[in-house]
Amino acid sequence: MNELQRSVEYSRKRLQALRNCESHIASLLWDAAKDIITISSKYRVGEVLRNEASLLSKAKGITEDAEESINSYISAYSKASCKILGIDSKGIEDFLTGDIYGKTTSERNAVYLGNFAEDVVRMIKAGTIMGYTDQQLLSAIRTGYKDPYRASVITKAKKQDISIDVPSYGKGYYRNAYQNIIRNAKQVIALSWGRAEQEYGKNNKAIGFYVKRGSSYPCDICQSEADAGLHSFKDPYPPYHVSCCCYTLFAFKQTDKK
């Protein structure tokens, strides 16, 4: 396998790792949602949700239990980059446990999982007030837990003038916790794969790299980097965003190969 084939295949495997991790996390979150629905049965009396604070506390306990598994998936899919490249994973392990833009991966997950519990409880509250049966509630949350404030039982409740709080986490964050959890995982994995490939290039005496587009989708960021010519290792390194398909070709001084 030459350098071009290696780079393209590495990019393909990075994108596959992101998809696989998202699938695992989605399964974990749906299991957590189902457990919250189960324990909510004793709080739902007719069309009234009693002791919502207690239900929320128990719901957060359930999502906390999922945190370790989610962190493990993020770690495993991040370190897979090192296995593919045949390099030591120590650098990536240090990266995963350190601060990334001000917080650790675990700290972000803890916050987002707490928000996820709140989202599910709000959906339960909306369904309860509308008189949903257990089966109707389960079905409604199954189809809406990934985006509860736009296409779910909550939107139906609002049409009936039922007041359900809609969270706002500030600029740069999704309104729903599910997408924040997924984005956090995918960003960390993507960054890990980029760092690992940089280490691989430096270990092999590369003097820099060229960025090549792996997709025809119009993206000003990726196109700008691809048009910039030879990059040094001080420059930003792909992936440049979570869904980035760009790949790199290392430049070598002695052979001038790309």
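Everything below is about the structure shown above.
What you see is a predicted model, and the numbers here were worked out from it, not measured in a lab.

Draft legend 1. Up close: helix α5 (residues 134-144). Every buried residue of α5 is accounted for by Leu137, Ala140, Ile141 and Gly144. An end-on view of α5 places all buried positions within 95 degrees of arc, on one side of the element. Exposed residues lying more than 90 degrees from the buried face of α5 are Gln135 and Thr143. On its buried side, α5 packs onto α1 (3-40), β1 (44-45), α4 (105-129) and α6 (153-159).

Draft legend 2. Main features of the pairing of strand β3 (residues 208-212). Of all five residues making up β3, four are buried, and the element is well covered by its neighbours. As paired elements, β3 and strand β4 (residues 247-251) share five bridges and run antiparallel to each other. By the bridge assignment, Val211 is partnered in β4 with Thr248.

Draft legend 3. Summary view of unusual backbone geometry. Of the consecutive residues Pro238 and Pro239, the connecting peptide bond is found in the cis state with omega at 5 degrees. Of note, Pro239 is situated in the loop between α8 (220-227) and β4. Here the phi dihedral of Asp161 falls at roughly 60 degrees; this positive angle occurs in a residue that is not glycine. In this fold, Asp161 is placed in the loop between α6 and α7 (177-203). Phi at Lys205 takes a positive value of approximately 65 degrees, unusual for a residue other than glycine.

Draft legend 4. Representation of the side chain of Thr128 within the structure. Relative to the helices and strands, Thr128 resides in helix α4. Classification of Thr128 by relative accessible area gives buried; the value is 2%. A polar contact of 2.7 Å, which involves the side chain of Thr128, links it to the backbone oxygen of Ile124. Sequence-distant contacts of Thr128, that is, excluding residues within four places in its chain, are made with Arg44, Gly46, Glu47, Val48 and Leu49.

Draft legend 5. Inspection of the environment of Ser7 at higher detail. Looking at the element boundaries, Ser7 is found in helix α1. With 243 residues separating them along the chain, Ser7 and Phe250 place their C-alpha atoms 8.8 Å apart. Excluding residues within four positions of it along the chain, Ser7 makes contact with Glu197, Tyr247, Thr248 and Leu249.

Draft legend 6. Seen up close, the nonpolar core. Among the nonpolar cores identified, the biggest contains 72 residues, and Leu29, Phe116, Ile141 and Tyr145 are the most heavily contacted of them. Elements supplying a minimum of two residues to this core: α1, α2 (52-85), α3 (90-97), α4, α5, α6, α7 and β3. Considering each element in turn, this core owes the most residues, 14 residues, to α1. Phe116 has contacts with Leu29, Ala32, Ala33, Thr63, Tyr145, Ala177, Tyr178 and Ile181, leaving out every residue within four places of it along the chain.

Draft legend 7. The arrangement of the pattern of salt bridges in detail. A full pass over the atoms with the stated rule returns 13 salt bridges. One salt bridge connects Lys60 with Glu118, and the closest N-O pair in it is separated by 3.2 Å. Taken together, the positions of Lys60 in helix α2 and Glu118 in helix α4 put the pair 58 residues apart, joining distant regions of the chain. Overall, Lys60 belongs to the partly exposed group, its relative accessible area being 27%. Its relative accessible area of 18% is what places Glu118 among the buried residues. Asp119 is the partner of Arg122 in a salt bridge, and the nearest nitrogen-oxygen pair spans 3.6 Å. Remark: Asp119 and Arg122 occur in helix α4; sequence separation between them is three residues, near one turn of the helix.

Draft legend 8. Quick peek at the packing of α1 against α7. Running from N to C, α1 and α7 cross one another at 155 degrees; their axes reach a closest spacing of 10 Å. Accordingly, the angle class assigned to the pair α1 and α7 is roughly antiparallel. Judged by the twist between their axes, the crossing of α1 over α7 is right-handed. Counted together, Arg6, Ser7, Tyr10, Lys13, Arg14, Ala17, Leu18, Cys21, Glu22, Ile25, Ala26 and Leu29 of α1 and Tyr178, Ile181, Ile182, Ala185, Lys186, Ile189, Ala190, Trp193, Ala196, Glu197 and Tyr200 of α7 form the full contact between these two elements. The residue inventory of the contact of α1 with α7, partitioned by class, reads 16 nonpolar, one polar and six charged.

Cut-offs applied
- Residues numbered from 1 in each chain as written.
- Predicted model: local features only at pLDDT ≥ 70, side-chain atom pairs only at ≥ 80, totals over all residues.
- Heavy atoms only, no water.
- Buried < 20%, exposed > 50% of the residue type's maximum accessible area, 1.4 Å probe, protein only.
- Helix = DSSP H or I, 4+ residues; strand = E, 2+ residues; numbered from the N terminus.
- Arc of directions from axis to C-beta.
- Contact = heavy atoms within 4.5 Å.
- Pairing = 2+ DSSP bridges.
- Polar contact = N/O pair within 3.5 Å; in protein donor to acceptor, adjacent residues only side chain to side chain.
- Core = buried A, V, L, I, M, F, W, Y, C linked by side-chain atoms within 4.5 Å.
- Salt bridge = Lys/Arg side-chain N within 4 Å of Asp/Glu carboxyl O.
- Axes fitted to C-alpha atoms, helices over the stretch in contact; angles between N-to-C directions.
- Parallel < 35°, antiparallel > 145°, perpendicular 65-115°, else oblique.
- Left-handed = near helix turned anticlockwise from the far one by under 90°.
- Nonpolar A, V, L, I, M, F, W, Y, C, P; charged D, E, K, R; others polar.

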